[in-house]
Amino acid sequence: MTAIKHALQRDIFTPNDERLLSIVNVCKAGKKKKNCFLCATVTTERPVQVKMVKVKKSDKGDFYKRQIAWALRDLAVVDAKDAIKENPEFDLHFEKVYKWVASSTAEKNAFISCIWKLNQRYLRKKIDFVNVSSQLLEESVPSGENQSVTGGDEEVVDVYQELNAREEQDIEIMMEGCECAISNAEAFAERLSRELQVLDGANIQSIMASEKQVNILMKLLDEALKEVDQIELKLSSYEEMLQSVKEQMDQISESNHLIHLSNTNNVKLLSEIEFLVNHMDLAKGHIKALQEGDLASSRGIEACTNAADALLQCMNVALRPGHDMLLAVRQQQQRFSDLREQFARRLASHLNNVFVQQFTQALLQLYNRSYFLSVPGHDQSSTLAQHSVELALPNHHPFHRDLLRYAKLMEWLKSTDYAKYEGLTKNYMDYLSRLYEREIKDFFEVAKIKMTGTTKESKKFATLPRKESAVKQETESLHGSSGKLTGSTSSLNKLSVQSSGNRRSQSSSLLDMGNMSASDLDVADRTKFDKIFEQVLSELEPLCLAEQDFISKFFKLQQHQSMPGTMTEAEDLDGGTLSRQHNAGVPPPVSSEKDMIRQMMIKIFRCIEPELNNLIALGDKIDSFNSLYMLVKMSHHVWTAQNVDPASFLSTTLGNVLVTVKRNFDKCISNQIRQMEEVKISKKSKVGILPFVAEFEEFAGLAESIFKNAERRGDLDKAYTKLIRGVFVNAFL
């Protein structure tokens, strides 16, 4: 074991500046015997660190390797299993319990004794020793601090003290006075002993002679003790006085602390009160504006707008923790909620009245215009000729200008009471859809009359207006329903139904005109149709764009530019690519403000697409070649609208109508080819130009003049291919 200890010290611990104190050969309990060594070590450098190291012999050679190390301060319990009988088993309790079996009981006891001594010296008895014999443990640590912990591993400090120069000189003088000091040490020692006895006797006599001085010294000491007692009494009284002063100072310090704490709390409380007052106090002027402000004047609208913004800021203030538990704060919040509800209700009612008033005013203007055109005794054709330049839609800019004053209030209503905001949006769409339906239908009726140029059909136009009393009755019914956001609109429905019936009859009578041959119409008629159709499209386009821009500004809806193809699908139609909306006529679900704008436009202008289709059908019946004009004009307007916003209502609607125009164009080409096939040439004619060849020449000249610099040139080239093929096929039959 000594050789192993020496090898471990040399190979493992010396390189780490450690000294091996004790070693025991062990194996784990209950397992195959794989021997290892537990070593108790201390570091050679201060502060001293005591460790327990597990060392295992390598399987590939005769050298040892360090496997695991524990700090002795982490050892909680040493369990020897049995304090009476010899038992090689013992347990060490670190973060978990390690069970060991020593090779012999002697090695186990020596190792436990070493741990106990290290515990006594370095750990101040922190380790508990269980089932350990009392004979094995020492009662106390040896008194010498430098004495070895293990009894032999550290050198004891030498008590020999070297003589100084004076002592050496005295000894040499003494030895010179005695001749036998060197030769006879016993005689020299005896002589020194006699002289020492003489000196001791002299010292005793000197002490006895100085007894008087000793008594005097004792008296002085007694007096000194009395003085010390008096000083101690004074010091005690001083200490009591100081203690009283200390207590008073402590009280003053505590009082100052409380005063400082009170001042701090007052400052914080004042800061919180100032915060609440500054952020949750609504001026009386704002309250009066919200309750009684004039929403009809510009100054009143501005005051109400400022008051509404101030109210919104007060309601949206970020309260600090604990503010919502204050009764005054809750009362103020409830007051703000009541003001918001009251003003939102008043604002919604006023805007609803404005909608009704504008609708009624526009409706009366429309009736007056219709009544002028239907005055008895006037020749209808002359009246229409007189007003031929009046093919224009009414301008809604004044109405938009008046409503845009309330744009900021609408934004406030949208953020505070979305239900009333939605109610106003619905009412606006209801009123505007009826108004635009009347205006657009009248506009298209005038356009149809101008296209036909007949007076027979125009006589029905006189049945459009109603009596002034009927208009007044409808107006009163509208004003009666203005008090509620979702009031009854039955009167508006009646008004719309009665007028739309006449419109349908007028439209059907115009569409019942017989087909006219191209040879019966000259270039002037076609040019007139082209101008009227262009004027119709030019009037519709700014109307839709102005209304869409107004909706975006008034209802605070953002018009986001969308990428082409996100909401539309491409449809190839013989030489032109056209975008059409998914499920035309069925608005998509509202997923954003852009979709909301589109749905509002669809509901407001729901009659544009049917009226355009009717007008296109009328133009096709008048002259099938009109489809060429309509294809060029409609394509140009669709291209212009898509450059602005491909997903807008105008772009989608015109794109849908363009599909119808393209079909009519294809139908016109098919009719030309069919006429070629039906031509019968007289057998008597030997030489001459075939009729359909002359007709093709006429068609080509007309088409080239129409499609000059047009975007849909590809459609015409495809039509040429079909017509030329038909000419050659029928020419050689």
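Rules used in this analysis
- Residues numbered from 1 in each chain as written.
- Predicted model: local features only at pLDDT ≥ 70, side-chain atom pairs only at ≥ 80, totals over all residues.
- Heavy atoms only, no water.
- Helix = DSSP H or I, 4+ residues; strand = E, 2+ residues; numbered from the N terminus.
- Contact = heavy atoms within 4.5 Å.
- Areas by Shrake-Rupley, 256 points an atom, 1.4 Å probe, with all protein chains shown as cover.
- Disulfide = S-S within 2.5 Å.
- Buried < 20%, exposed > 50% of the residue type's maximum accessible area, 1.4 Å probe, protein only.
- Pairing = 2+ DSSP bridges.
- Patch = residues over 30% accessible without salt bridge, like charges linked within 9 Å, V, L, I, M, F, W, Y side chains within 5 Å.
- Salt bridge = Lys/Arg side-chain N within 4 Å of Asp/Glu carboxyl O.
- Lys, Arg positive; Asp, Glu negative; His and termini not counted.
- Charge placed at Lys NZ, Arg CZ, Asp CG, Glu CD.
- pLDDT = per-residue confidence, 0-100.
- Phe/Tyr/Trp six-rings, centres within 6.5 Å; stacked < 30°, edge-to-face > 60°.
- Lys NZ or Arg CZ within 6 Å of the ring centre and 35° of its normal.
- Axes fitted to C-alpha atoms, helices over the stretch in contact; angles between N-to-C directions.
- Parallel < 35°, antiparallel > 145°, perpendicular 65-115°, else oblique.
- Left-handed = near helix turned anticlockwise from the far one by under 90°.
- Expected span 1.5 Å × (residues − 1).

Trainee: Looking at this structure, I do not really get the overall build of the protein. What am I missing?
Mentor: Along its length, the protein carries 21 helices and 10 strands. Here the analysis covers contacts within the protein between residues at least 6 apart in sequence; of these, 69% occur between residues at least 24 apart. Accessible area for the protein stands at about 43,400 Å²; split by element, carbon and sulfur atoms hold 53% of it.

Trainee: Would you take a moment to explain the state of the cysteines for this structure?
Mentor: Simply put, disulfide is the name for a covalent bond between the sulfur atoms of two cysteines. Applying the stated criterion across every chain, the model contains zero disulfides. This cysteine, Cys27, is not joined by any disulfide, and Cys36 carries the nearest cysteine sulfur, 7.7 Å off.

Trainee: Just to check I follow, could you spell out the pairing of strand 2 (residues 36–43) for this structure?
Mentor: Residues in a regular strand project their side chains so that they alternate between the two faces of the sheet. Most of strand 2 is tucked away, with eight of its eight residues classed as buried. Of the two faces of strand 2, the one lined by Cys36, Leu38, Ala40 and Val42 and the one lined by Phe37, Cys39, Thr41 and Thr43 are each fully buried. Note: strand 1 (residues 18–28) against strand 2, eight bridges, orientation antiparallel. Bridging from a neighbouring strand, Ile23 pairs with Cys39 of strand 2. Bridging between strand 2 and strand 3 (residues 50–57) involves six bridges; their strand directions are antiparallel. Bridge pairing in strand 3 links Val42 to Val50. Here strand 2 folds back onto strand 3 in antiparallel fashion, the turn holding six residues.

Trainee: Can you help me understand a negative patch on the surface in this one?
Mentor: Together, Glu167, Glu168, Asp170, Glu172 and Glu176 line one region of the surface with negative charge. Structurally, Glu167 can be placed in helix 3 (residues 165–177).

Trainee: Is there a simple way to explain unusual backbone geometry in this structure?
Mentor: A negative phi angle characterises most non-glycine residues, just as the trans form characterises most peptide bonds. Here the bond from Arg46 into Pro47 is cis, since omega is 0°, no more than 30 degrees from zero. Here the phi dihedral of Asn131 falls at roughly 60°; this positive angle occurs in a residue that is not glycine. Within the fold, Asn131 resides in the loop between strand 8 (128–130) and helix 3. Look at Lys556: it is not a glycine, yet its phi comes out positive at around 55°. Among the secondary structure elements, Lys556 is positioned in the loop between helix 15 (523–554) and strand 9 (568–572).

Trainee: Is there a simple way to think about the side chain of Gln672 in this case?
Mentor: Checked against the element boundaries, Gln672 lands in helix 19 (residues 649–678). Setting aside residues no more than four positions away along its own chain, Gln672 makes contact with Phe625, Glu695 and Leu723.

Trainee: It is not clear to me how a nonpolar patch on the surface should be interpreted in this structure. Could you clarify?
Mentor: Judged by side-chain polarity, Val214, Ile216, Leu217, Met218, Leu220 and Leu221 come together as a nonpolar surface patch covering roughly 530 Å² of accessible area. Mapped onto the elements of the fold, Met218 is located in helix 5 (residues 211–280).

Trainee: Would you take a moment to explain the pattern of salt bridges for this structure?
Mentor: Pairing between side chains becomes possible if they bear opposite charge and their charged atoms approach one another. Summed over all chains, the structure comprises 21 salt bridges. Linking Arg606 and Glu437 is a salt bridge whose minimum nitrogen-to-oxygen distance equals 4.0 Å. Of this pair, Arg606 sits in the loop between helix 16 (593–604) and helix 17 (608–622) while Glu437 sits in helix 12 (residues 418–452), and the two are 169 residues apart along the sequence. For Arg606, a relative accessible area of 44% puts it in the partly exposed group. Bridged by salt links that share partners, the residues Glu341, Arg345, Asp417 and Lys420 form one connected network.

Trainee: Help me understand the confidence of the model for the protein in this model?
Mentor: It should be kept in mind that the predicted coordinates are not to be read in detail where pLDDT is low. Here the protein averages 76 in pLDDT, while 76% of its residues score no lower than 70. Per-element mean pLDDT across the protein ranges from 33 in helix 14 (residues 490–511) up to 92 in strand 2. Scored below 50 in pLDDT, residues 139–160 makes 23 contacts in the model with residues more than four places away or belonging to other chains. Taken as a whole, residues 374–389 scores under 50 in pLDDT and shows 17 contacts with residues more than four places along the chain or in a different chain.

Trainee: Looking at this structure, I do not really get the packing of aromatic side chains. What am I missing?
Mentor: The relation between two aromatic rings is expressed through the spacing of the ring centres and the mutual angle of the planes. A full pass over the atoms with the stated rule returns 20 aromatic pairs. Between Phe94 and Tyr98, the aromatic rings sit 6.1 Å apart at their centres with planes inclined by 70°, giving edge-to-face as the arrangement. In terms of burial, Phe94 and Tyr98 fall into one category: buried. On the numbers, 5.3 Å between centres and 10° between planes, the contact of Phe550 with Phe554 is stacked. A residue pair is termed a helical-turn pair when its members lie 3 or 4 positions apart in one helix, as Phe550 and Phe554 do in helix 15 at four residues. Judged by relative accessible area, Phe554 falls into the buried class, the value being 0%. In textbook terms, an aromatic cluster arises when at least three aromatic residues are bridged by ring pairs, as seen for Phe355, Tyr418, Tyr421, Tyr428, Phe550, Phe554 and Phe555. Residue placement shows Arg320 over the ring face of Phe275; its charged tip is 4.1 Å from the ring centre.

Trainee: How should I be thinking about the packing of helix 17 against helix 19 in this particular structure?
Mentor: Each packed pair of helices is defined by two parameters, the angle between the axes and the distance between the axes. Interaxial distance between helix 17 and helix 19 falls to 10 Å at its minimum, and their mutual angle equals 25°. It follows from the interaxial angle that helix 17 and helix 19 lie roughly parallel. Here helix 17 and helix 19 pass one another in a crossing that is right-handed. Contacts from Ile608, Glu609, Leu612, Asn613, Ile616 and Asp620 in helix 17 reach Phe649, Thr653, Leu654, Asn656, Val657, Thr660, Val661 and Asn664 in helix 19.

Trainee: Could you clarify how one ought to interpret the sheet that holds strand 8 in this entry?
Mentor: Neighbouring strands of a sheet are bound in pairs by backbone hydrogen bonds; such pairs are parallel or else antiparallel. With mixed pairing, the eight strands of this open sheet are ordered in space as 4-3-2-1-7-6-5-8. With partners counted over all chains shown, the strands left at the sheet margins are strand 4 (64–71) and strand 8, one partner each. Going across the sheet, the axis of each strand differs from the next one's by a mean of 30°, ignoring polarity. Relative to strand 4, strand 3 is paired through seven bridges, and the arrangement is antiparallel. Residue pairing for strand 4: Val55 is matched across the bridge by Arg66.

Trainee: Help me understand helix 5 in this model?
Mentor: In an α-helix there are 3.6 residues to a turn, and that puts residues three or four apart on one side. The first and last C-alpha atoms of helix 5 sit 99 Å apart over 70 residues, in line with the 104 Å expected at 1.5 Å per residue. Those residues of helix 5 that sit buried are Phe275, Leu276 and Met280.

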